[in-house]
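Listed here are the chains, written in short residue letters.
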Amino acid sequence: MRIGTGYDIHQLREGRALILGGVKIPYSKGLLGHSDADVLIHAIIDSLLGALALRDIGYHFPDTDEKYKDANSLDLLSYTKELIKAEGYKIVNIDSNIIAQKPKLKDYIDLMRENIANELNIEISQVSIKAKTNEKLDSTGIGMAISANAVCLVEKLFKIEH
């Protein structure tokens, strides 16, 4: 068994869609980034890559590469799933937090869990997402950014010969 952690943060800006966990959230601002800037999925990807010592999201999907411009982060998650399978591992569970002062996210959590579980071919019970505020502290607390963190547990299925 191996554990990985991930973290991401993006600035909020007008004129961008707010996408978290593959769900478009109605809000006056969205996250600024090269892709769709889905901080939740980015944190989950980093946790999965970290568990297998496969570097980080920027290594696999650099923001200098035009093919990832406005990319759907669920597609990046799907690619990550294939890396995990190629290494001979399966996902045991994912636990994550979204830190946002606004908007309130409780009505979207189950759909986010479903999107992530479906993309990774795991049960929804293996995906935990919690929404937190930052009690009006730092850039997330004053509404300038949204961040996310994630922890995952992966388990070896079989030995891969390299």
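Okay, so let's go over this structure. (Residues numbered from 1 in each chain as written. Predicted model: local features only at pLDDT ≥ 70, side-chain atom pairs only at ≥ 80, totals over all residues. Heavy atoms only, no water.)

### A short note on the side chain of Asp-46
With respect to the helices, strands and loops of the structure, Asp-46 is situated in helix H1 (residues 39-51). Arg-55 is the oppositely charged side chain nearest to the buried, salt-bridge-free Asp-46, at an N-O distance of 10.0 Å. The residues contacting Asp-46, other than those within four sequence positions of it, are Thr-5, Gly-6, Tyr-7, Asp-56 and Ile-57. (Helix = DSSP H or I, 4+ residues; strand = E, 2+ residues; numbered from the N terminus. Buried < 20%, exposed > 50% of the residue type's maximum accessible area, 1.4 Å probe, protein only. Lys, Arg positive; Asp, Glu negative; His and termini not counted. Salt bridge = Lys/Arg side-chain N within 4 Å of Asp/Glu carboxyl O. Contact = heavy atoms within 4.5 Å.)

### A word on the packing of helix H3 (residues 73-86) against helix H4 (residues 109-120)
Remark: H3 packs on H4, axes separated minimally by 9 Å, with the N-to-C direction vectors making an angle of 40°. As the angle between them shows, H3 and H4 are arranged oblique. The handedness of the crossing between H3 and H4 comes out as right-handed. Side by side, H3 and H4 meet where Leu-74, Leu-77, Ser-78 and Lys-81 of the first sit next to Asn-115, Ile-116, Glu-119 and Leu-120 of the second. Its residues assigned to classes, the contact of H3 with H4 shows four nonpolar, two polar and two charged. (Axes fitted to C-alpha atoms, helices over the stretch in contact; angles between N-to-C directions. Parallel < 35°, antiparallel > 145°, perpendicular 65-115°, else oblique. Left-handed = near helix turned anticlockwise from the far one by under 90°. Nonpolar A, V, L, I, M, F, W, Y, C, P; charged D, E, K, R; others polar.)

### Side note on the pattern of salt bridges
If you walk through the whole model with that rule in mind, you get six salt bridges. The salt bridge partner of Glu-82 is Lys-81, with a shortest N-O separation of 4.0 Å. The shortest N-O distance in the salt bridge between Asp-95 and Lys-130 comes to 2.4 Å. Remark: Lys-130 occurs in strand S6 (residues 127-132) and Asp-95 occurs in strand S5 (residues 89-99); sequence separation between them is 35 residues. When its relative accessible area of 32% is taken as the criterion, Asp-95 is described as partly exposed. Taken together, the salt bridges that share partners define one network made up of Lys-81, Glu-82 and Lys-85.

### Some words on unusual backbone geometry
Residues Lys-102 and Pro-103 are joined by a peptide bond in cis, for which omega reads -5°. Along the chain, the position of Pro-103 falls in the loop between S5 and H4. Within the chain, Ala-53 stands out as a residue other than glycine whose phi angle is a positive 55°. Tracing the backbone through its elements, the reader meets Ala-53 in the loop between H1 and helix H2 (57-60). Judged by its relative accessible area of 58%, Ala-53 is exposed. One non-glycine residue, Glu-135, lies in positive phi territory at about 50°.

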